[in-house]
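Structural description and commentary
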Amino acid sequence: MSHGVSPLELTKAFTVFSNNGSYTIPREITQVKDKNGNSLYEWKRSTEPVWEKETNTNLRTMLNKVVTDGTGRKANIEGEYIGGKTGTTNRTHDLSFVGYNDRYTTGVWIGQDKPASFNHLQSSTPHLTLWSEVVSNLP
């Protein structure tokens, strides 16, 4: 961990919370079909338990509080269960949010190749607005 965790690694880790405490390797393509709809190839789902059910439930409750009562309120989507975690780096060089509902886990990172402060943007919470917009428009 000398270089931290990438937004992709963190987002993949958060899939556990909406998957009953089990980790499944995320796949962009889950199946390949021919023009008639016949399956040519399908990834075998490999799931590994990470948390006990009670632990996962407690973590989901805490992560839901982030969007209902905490720093992630602007990511909350009315009428949906949402859990997530906001993040920044020292001197606010990055803004991030990783969140999930019962279907999708999505991460947003706002930063620059050459670190510079985002203090001027932090109060407008662009990372939360972007996350909410993306998730609200998923099928």
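The following refers to the structure shown.

What counts and how
Residues numbered from 1 in each chain as written. Predicted model: local features only at pLDDT ≥ 70, side-chain atom pairs only at ≥ 80, totals over all residues. Heavy atoms only, no water. Helix = DSSP H or I, 4+ residues; strand = E, 2+ residues; numbered from the N terminus. Buried < 20%, exposed > 50% of the residue type's maximum accessible area, 1.4 Å probe, protein only. Pairing = 2+ DSSP bridges.

The phi angle at threonine 92 is positive, at roughly 50 degrees, despite the residue not being glycine. Inspection of the secondary structure assignment puts threonine 92 in the loop between strand E5 (83-88) and strand E6 (95-100). Within the chain, threonine 125 stands out as a residue other than glycine whose phi angle is a positive 45 degrees. By secondary structure assignment, the location of threonine 125 is in the loop between helix H3 (119-122) and helix H4 (126-136). Under the relative-accessibility criterion, threonine 125 is labelled buried at 11%.

Once that is clear, we can look at the pairing of E6. E6 sits mainly inside the fold: 6 of its 6 residues count as buried. Side chains Leu95, Phe97 and Gly99 of E6 all project onto a buried face; the interleaved residues Ser96, Val98 and Tyr100 project onto the opposite face, where all are buried too. Here E5 runs beside E6; their pairing, made up of 6 bridges, is antiparallel. Opposite glycine 83, over in E6, you have tyrosine 100 as the bridge partner. Hairpin connection from E5 to E6: 6 residues lie between these consecutive antiparallel strands, with arginine 91 at a positive phi of about 65 degrees. Here 6 bridges tie E6 to strand E7 (residues 105-110), and the two strands are oriented antiparallel to one another. Within E7, the residue paired with tyrosine 100 across the bridge is threonine 105. What sits between E6 and E7 in their antiparallel hairpin is a turn of 4 residues.

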